[in-house]
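Structural description and commentary
Each chain is listed here by its residues.
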Amino acid sequence: MVIRAPAGFGKTTVMLQMREAMTVAGIRSAWLTLDDLDNNVPRFASFIGSLFEQLTPSHTLAPHESPGGQTEAGFGLLERIANSSEPFAVFLDDFETIHDPAVLAITREIIDSLPPDGQLIIGSRVIPDLGLARLRALGQLFEIEPRQLRFSREEIAEYLVEKRGLKLQQCDLKHLYNATEGWAAALSLVSVSLARREDPRPFIAGFSGSNAALMDYLSADVLSGLAEAPRVFLLETSVLSELSAPSCDWLRDRSDSTELLAELERAQMFLIPLDAQRQLYRYHSLFAQFLREQLRRTFPDRVASLHRAASQWCLDHQRPIAAIEHALAGDDAQSAIAILSQFAQTILHAGRARLLARWLQAIPASMLADISQLRAIHLWALFFSQQPEQALSDLDALEAEVDHEVRHRSIHDDLLALRPLLLLRMDRFEEAFDIGVRNVALLIDRNAFPFSILANSIATMQVVEGKQNAATRMLEEASAVGAGTANPVGTVYSACCEGVVDLMQGRLRQAAARFRFAERSLEPALSVEDVSGNAVAGLFYAVVAYELNQWEDAGRRLRLHLPAIKEQGFPDQVIVGSLALARIAFYQGDIDGAWTLLTELEYFGRREQWPRAVATVRIARSRLLQLRGDVAAASRELEQADVPFLWERLEGFSMMSHDLDSLQIARLRLMVYEGRADRAVPLLRDARDRARQAHRYRRVLQLRILLSMALHAANMQEAALEELHRALSDAGAEGFIRLFVDEGDRVAVLLQQLTRASDQLDVALPTRGYIVKLLAAFGQSREESGQALALSGAGMAEALTRKEFQVLKLLGEGLSNDAMATELQVLDTTVRTHLRSINAKLGANNRTQAVSIARRLGLIS
């Protein structure tokens, strides 16, 4: 459920009423009010985990705030949600504060994981980016919009006259309705103001205008009517985001806060209880804004001291993040530095890199000049928050000081590790390789975080350079460090690196085992390295799951982890994940979605100045255009992918992102589609042999498949079938599926021909079973996979209706459902009905397969 309303329209009140009703009905519920600080995966995941611990009393509750508090996350949390057997409801209020893509992705996955009796109630001032259109279409969304939260004239009369006991005439009620437009916050303040007036008419006639002006007017009126003690209390405590009697007493150096809070709640002064015991409150957001502005105007000299007192309270109650915020708000940089010196490392490892970067940026550089550890942490914060250019500039300055200042020697390892990592983040991989190998040997403390992250990154670089033995040695050392500490991140990165080697060398099942182990190893906890490590493991496992034709699992993992990869990952990981997700969308028939994902990667690459990301998008578009039959457009895309000097730079590097999607392979594939197969054959053989010499056996498989297609197109049928047979023999034991299917129905035709020639070519029984499995993946059932593709175009033409032919033709032109409905002057639902019928008759799983089969059968051009 989504409750959407501007501030003051009572969404929180409605949610509280819903929660009370659920409590009466015996339904467990948990509540979380969000703020800007929750745009962080570890923090958000920790709080969500805590909510579900509340719903499962056998688990221990997590603390309200902990800089390094850890809880389950990732698929462990999602599985726990999905397996909940009792009814429950989770309330997330003020969701408009959430904008981080990774946090939004987690929320979308939580929604998809909800069991039948689970509810997620979201309160937001804006429409949240949670894919609501899809949920709406599936009937899984209930929405309450602003117009539904407005008071009607009758409801205003009931509230003000019957509930509040005010003596008002119909003309007064009409004026109030017109002035407030049923705005709940304004009506609440109106009721407080009118309660102390004998004649309400002058007051009612005196206000009008915008909501903001009305709120200020009413708030000022309410505040001026209060006695001195509650009025000052409201102003002083407005600096707190959460209020309790003890915190208010500390802030004011008084002991009457319990009574004042009770008095204000009785007077309906916009106090919102945050717990069932009514011991923790917050002010309504609009009212809080008004109070803070009034505090600045009325007691300007007290603002800083109040924030400083709040900082000390938060620090004494293990809330260092809030303590730092208050210290900075109170212009007390010295206290902020003292707290940061104690907690910055823990906060960094809890994933709060952007927050740390903002804090340290706000502190005058002169005050940090002699504090080496905080300056190093600032660099790490910039690294983890995707600000490598600034970090590299600051690193240059700090290194110049380190050469001459003994006081900076404690951050020696940090500086050595950061430079190659920053260069790698900026995709300057040649420099990163050279400097990284040199610097890792100079690190002093091999049990510390800088060594762990650099060693694993160096091992990845060595894999890319083809130095497998050196990479193995580095991984063993990094793994030993990870095994000897409480943090398993080193072990996880090692497993991922070894999994990448396995995958590129064709050991698909071993790669899957390593990635799944790595992903599970980090599910119980999340730190900044854990988020990155968990996301990398999940992304690579998704690539393997896709290859095994497990689309749903692969897509779910990619949607969950790709935002975090874009935030904290390296260029190769971003490219691999984005391409995989676009490919899944394409083969599921979501052409627009695939193009959108590729365009997002293109612009992301431009923003980060990663030219190879942009070029790789061109290659991916070219491949998809070929499958849609638009060879001319595919050729144009490849021309634009040929960036000067780029592919020469990449020559000799075994990068995951270009293992299968290189410019050379794309050109060879295009030659086959353009009818130049005879010229492609020797080039493909040469490329295959070179890939085999480099032990890149996954690439060998792809080149064998392309070679068999080229030989078939060049009328060398026997050689084509022999090459395909070899590919099947190598791939069958590992279970490769998409490597064959993604090349389109030309491969399906070859598979059928090989089936018919199986006795002649001595095709083993396991390989024959593998062929049946592959053909099934092309869209036919196991029983029909031997005949469906052999249907003639004439026979199929008789099966399709005239309208279906029209839809099929428009489908081949790339039109969306809406565009086809407009062209044919029918409803969108009618188009979908025709598409289902076409897929059934052609034996296709989706629209892309339908077009491919129709073109092969000559039904469309």
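Residues numbered from 1 in each chain as written. Predicted model: local features only at pLDDT ≥ 70, side-chain atom pairs only at ≥ 80, totals over all residues. Heavy atoms only, no water.

1. Some points on the overall build of the protein
- Scanning the protein for helices and strands turns up 47 helices and 7 strands.
- Buried residues in the protein amount to 58% of all 861 residues.
- Contacts spanning at least 24 positions in sequence make up 68% of the contacts within the protein whose residues lie at least 6 apart.
- Carbon and sulfur atoms make up 51% of the accessible area of the protein, which totals about 36,300 Å². (Helix = DSSP H or I, 4+ residues; strand = E, 2+ residues; numbered from the N terminus. Buried < 20%, exposed > 50% of the residue type's maximum accessible area, 1.4 Å probe, protein only. Contact = heavy atoms within 4.5 Å. Areas by Shrake-Rupley, 256 points an atom, 1.4 Å probe, with all protein chains shown as cover.)

2. With respect to the nonpolar core
- Counting residues in hydrophobic clusters, the biggest one holds 128 residues, and the most contacted among them are Leu 92, Leu 728, Phe 740 and Leu 751.
- If we skip the residues at most four places from it in the chain, Leu 92 touches Met 15, Leu 32, Leu 34, Ile 48, Leu 51, Leu 120, Ile 121, Ile 122 and Gly 123.
- Counting 80 residues, the second largest nonpolar core, distinct from the first, contains Leu 360, Leu 368, Leu 424 and Ala 432. (Core = buried A, V, L, I, M, F, W, Y, C linked by side-chain atoms within 4.5 Å.)

3. Brief notes about the packing of aromatic side chains
- Counted according to the given criterion, the structure contains 13 aromatic pairs.
- Between Trp 250 and Trp 313, the aromatic rings sit 6.4 Å apart at their centres with planes inclined by 45°, giving tilted as the arrangement. In this pair, Trp 250 sits in helix α13 (residues 245–252) while Trp 313 sits in helix α16 (residues 303–316), placing the two residues 63 residues apart along the sequence.
- Across the ring face of Tyr 541, the terminal group of Arg 516 is positioned such that the distance to the ring centre comes to 5.8 Å.
- Its end group placed over the ring of Tyr 673, Arg 746 keeps NZ or CZ at 4.3 Å from the ring centre. (Phe/Tyr/Trp six-rings, centres within 6.5 Å; stacked < 30°, edge-to-face > 60°. Lys NZ or Arg CZ within 6 Å of the ring centre and 35° of its normal.)

4. Section: the pairing of strand β4 (residues 118–124)
- With respect to burial, β4 is a largely interior element, 6 of its 7 residues being buried.
- Bridge analysis of strand β3 (residues 88–93) against β4 gives 5 bridges, and the strand direction is parallel. The residue bridging Ala 89 from the neighbouring strand is Gln 119, located in β4.
- Each parallel crossover has a hand, and for β3 linked through helix α4 (residues 101–113) to β4 it is right-handed. (Pairing = 2+ DSSP bridges. Right-handed = clockwise from strand over helix to strand, strands pointing away.)

5. With respect to unusual backbone geometry
- Positioned with a positive phi, Asp 253 is a non-glycine residue whose angle comes to about 55°.
- Along the polypeptide, Asp 253 turns up in the loop between α13 and α14 (257–266).
- The backbone of Asn 549 shows a phi angle near 70°, a positive value even though the residue is not glycine.
- Structurally, Asn 549 is set in the loop between α29 (528–547) and α30 (551–568).

6. Concerning helix α36 (residues 663–673)
- Counting buried positions over the 11 residues of α36 gives 9, a clear majority of the element.
- When we look at burial in α36, the residues that qualify are Leu 663, Ile 665, Ala 666, Leu 668, Arg 669, Leu 670, Met 671, Val 672 and Tyr 673.
- Lining the buried residues of α36 we find α33 (611–627), α34 (631–641), α35 (646–650), α37 (677–693), α38 (697–713) and α41 (745–756).
- Note on α36: the residue one or two positions beyond its end, Gly 675, has a positive phi of about 85°.

7. Structural notes on the confidence of the model for the protein
- Scored by pLDDT, the protein has a mean of 80; 85% of the residues are at 70 or more.
- Mean pLDDT across the elements of the protein bottoms out in helix α43 (residues 793–799) (48) and peaks in α38 (94).
- In the predicted structure, residues 524–531 sits below a pLDDT of 50 and forms 36 contacts with residues beyond four places in sequence or in another chain.
- Contacts from residues 780–796, a stretch scored under 50 in pLDDT, to residues over four places away or in other chains number 28 contacts. (pLDDT = per-residue confidence, 0-100.)

8. Topic: a negative patch on the surface
- Taken together, the side chains of Glu 154, Glu 155, Glu 158 and Glu 162 define an acidic patch exposed on the protein surface.
- For Glu 155, the position within the fold is in helix α7 (residues 153–163). (Patch = residues over 30% accessible without salt bridge, like charges linked within 9 Å, V, L, I, M, F, W, Y side chains within 5 Å. Salt bridge = Lys/Arg side-chain N within 4 Å of Asp/Glu carboxyl O. Lys, Arg positive; Asp, Glu negative; His and termini not counted. Charge placed at Lys NZ, Arg CZ, Asp CG, Glu CD.)

9. Examining the packing of helix α23 (residues 412–425) against helix α25 (residues 449–465)
- Taken N-terminus to C-terminus, the directions of α23 and α25 make an angle of 35°; their axes are 9 Å apart at the nearest point. Handedness of the crossing formed by α23 with α25: left-handed. From α23, Asp 413, Asp 414, Leu 416, Ala 417, Pro 420, Leu 421 and Leu 424 reach across to α25, where they touch Pro 450, Ile 453, Leu 454, Ser 457 and Met 461.
- Of the residues in the contact of α23 with α25, the class split is 9 nonpolar, 1 polar and 2 charged. (Axes fitted to C-alpha atoms, helices over the stretch in contact; angles between N-to-C directions. Left-handed = near helix turned anticlockwise from the far one by under 90°. Nonpolar A, V, L, I, M, F, W, Y, C, P; charged D, E, K, R; others polar.)

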